[in-house]
Amino acid sequence: MEPRRMYVDGKWVEAVSGGVRTVYNPASGEPLATVADGDALDADRAVRAARRAFDEPGWSDRPAAERARLLFKLADLIEEQAEGLARLDTLNCGKPIREARYDAADAAGCCRYYAGLVTKPLGQTYAVPDGSVAMVVREPIGVAAQIIPWNYPLLMAAWKLAPALAAGNTCVLKPSEHTPLSALRLAELIEEVGFPPGVVNIVLGDGPRLGAPLAAHPQLDKVAFTGGTATGRSIMKAAAEGIKKVSLELGGKSPNIVFADCDLEPTVEYAMFGIFAGSGQVCSAGSRLLLEESIADRFLDRLVARSSRIKLGPGLNEDTEMGPLITPQHWNRVDGYVRWGLEEGADLVLGGQRPDDPALAGGNFYAPTIFARTRSDMKVVQEEIFGPVLVVQTFKDEDEAVRLANDTVYGLAGAVQTTDLAKAHRVIRRLRAGITWINTYHPTYNEAPWGGYKQSGIGRELGTFGLEAYTEIKQININMTPGPLGWYAG
Ligand code: NAD
């Protein structure tokens, strides 16, 4: 089969070097497709195309309503093609089809949200003392490189492209080398909508050979990155050279705090959803469960019993509740953490291995895994495992819960489960995290800002904040009574 090509300057092109790579189905280990595999030359070609599309009169000067019209059309096409897009993500990244369908619906919603938002008031005017008119306008930043991970291939592409395009930027999007297929389908829809050539470019390749030179490209104005914290650090260094704007959405190790007065059965399910949705390969996963001592045993018993019944399988099976991990290498990484946990003395109460079912042997499946009796000084408590591995700690009171919850370098998400709303509010305000929930876990909304405190990132995506992140702020001062200044005598 012909390798799938990249989308650059409105054309479908091979890698400059002619390189190709195979992408796999993580549920079976079988090859799914071959795709172009680019490097610095492809980054350069795409950034130049995006630069031209931005600098020449065209995209950014179009009225906002016109850019919005194209984004509305893209939202409609994503919706029409949602099932096919969802199946591509399920095949390529392994997530259960019911999760992928949510992602496709959310991706359409994201385009629609920003199409609507960009025509709403964005600027400000000021009452200044000398009778001048002072105002602030928002303008596009310019050319944005957008580098995304493999866990939400379609949705992350939409989160990046929709606000950037709405604001009038041009984009070079790099999907993960493991999961390029839905982004390529999205590029076909972008072409069908009729975005001008060079406004959206989708380049394919891995991090070191393509992502790094892309992030460092001198003609960029902004780098927006979602992925691991170590990669984020290197992207920030690359961006520092040209003082590029950066947005970083990075890793997490988020606490889910359960008080004794919670409604037990729903809370058990929130905890399961928090860690096992996406097989735990979710940046905001509730990967640390903090239980109030007086209910810890009872809660853990229910959690283990219900988690042991989670149905693993290929994501295309409608009854699958949890899919595989992305690659065999990632499987080894997750399993390595589990071995570490055992060495550190954590108490493995569920999983910690491949599931028994021989039908799953070809895929990268990992059983739902729970460690009880963990401590804050353990590696499995401090580091992001990015797999279906939950670590459990107990606490005596609110103060201890907050202290444990905040005791990592991350600050992406967190949740509090209690029927006492005043307590929930007190505790949530003390969490050093950007995305929080009370009496639930995980729902996200295009309307609300997404991003982290501490080493979980810089900036926010989504909501009005997400549009602002793709704009420069310009002040314009107008002298309403031009005449001599009278400052110089001569
Ligand atoms: P990763 O950092 O390995 O890769 C992410 C992207 O960066 C990929 O496209 C990759 O090719 C590219 N990349 C890798 N090295 C690069 C380099 N040196 N320069 C430029 N680009 C490079 O992350 P991953 O394994 O794909 O995804 C998992 C990570 O993503 C987890 O840490 C997770 O927490 C994080 N994540 C965060 C969010 C969020 O919103 N905060 C969302 C999803 C995933």
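Heads up: the structure comes first, above all this text.
Analysis parameters
Residues numbered from 1 in each chain as written. Predicted model: local features only at pLDDT ≥ 70, side-chain atom pairs only at ≥ 80, totals over all residues. Heavy atoms only, no water. Salt bridge = Lys/Arg side-chain N within 4 Å of Asp/Glu carboxyl O. Buried < 20%, exposed > 50% of the residue type's maximum accessible area, 1.4 Å probe, protein only. Helix = DSSP H or I, 4+ residues; strand = E, 2+ residues; numbered from the N terminus. Expected span 1.5 Å × (residues − 1). Bend = angle between axes of the 7 residues up to and from the residue. Contact = heavy atoms within 4.5 Å. Core = buried A, V, L, I, M, F, W, Y, C linked by side-chain atoms within 4.5 Å.

Enquirer: Help me understand the pattern of salt bridges, please; the structure alone is not making it clear to me.
Expert: A side chain with one charge may pair with a side chain of the opposite charge, provided their charged atoms come close. Taken as a whole and judged by the stated rule, the model has 37 salt bridges. Residue Glu177 pairs with Lys174 through a salt bridge whose shortest N-O separation is 3.7 Å. For the pair Glu177 and Lys174, one class covers both residues: buried. Note that Lys379 and Glu383 form a salt bridge whose closest N and O atoms lie 3.6 Å from each other. Residue classification places Glu383 among the partly exposed residues on the basis of a relative accessible area of 28%. A network of salt bridges, in which partner residues are shared, links Arg21, Asp37, Asp206 and Arg209.

Enquirer: What's the story with helix H10 (residues 293-307) in this structure? I'm lost.
Expert: Spacing of three or four residues puts side chains on the same side of an α-helix, whose turn is 3.6 residues. Spanning 15 residues, H10 covers 21 Å between terminal C-alpha atoms, matching the ideal 21 Å at 1.5 Å per step. The axis of H10 is deflected most strongly, by about 30 degrees, at Phe299. For H10, the elements touching its buried residues are strand E12 (255-258), helix H9 (264-276), strand E13 (288-292), strand E14 (347-350), strand E15 (369-372) and strand E16 (389-395).

Enquirer: Quick question: what am I supposed to make of unusual backbone geometry here?
Expert: The phi dihedral of Ser279 falls on the positive side, at around 55 degrees, and the residue is not glycine. Of note, Ser279 is situated in the loop between H9 and E13. Residues other than glycine seldom take positive phi values, yet His442 does so here, at roughly 95 degrees. Structurally, His442 is set in the loop between strand E19 (435-438) and strand E20 (453-454). In this structure His442 comes out as buried when scored by relative accessible area, which is 11%.

Enquirer: Looking at this structure, I do not really get the nonpolar core. What am I missing?
Expert: Soluble globular proteins tend to bury their nonpolar side chains together. Among the nonpolar cores identified, the biggest contains 122 residues, and Leu74, Phe195 and Phe299 are the most heavily contacted of them. With eleven residues, helix H5 (residues 153-166) is the single largest residue contributor to this core. When residues no more than four places from it in sequence are discounted, the contact partners of Leu74 are Cys111, Leu186, Leu189, Ile190, Val193 and Phe195. Core analysis: the next-biggest nonpolar cluster, separate from the first, contains 14 residues, Leu325, Val334, Val338 and Val389 among them.

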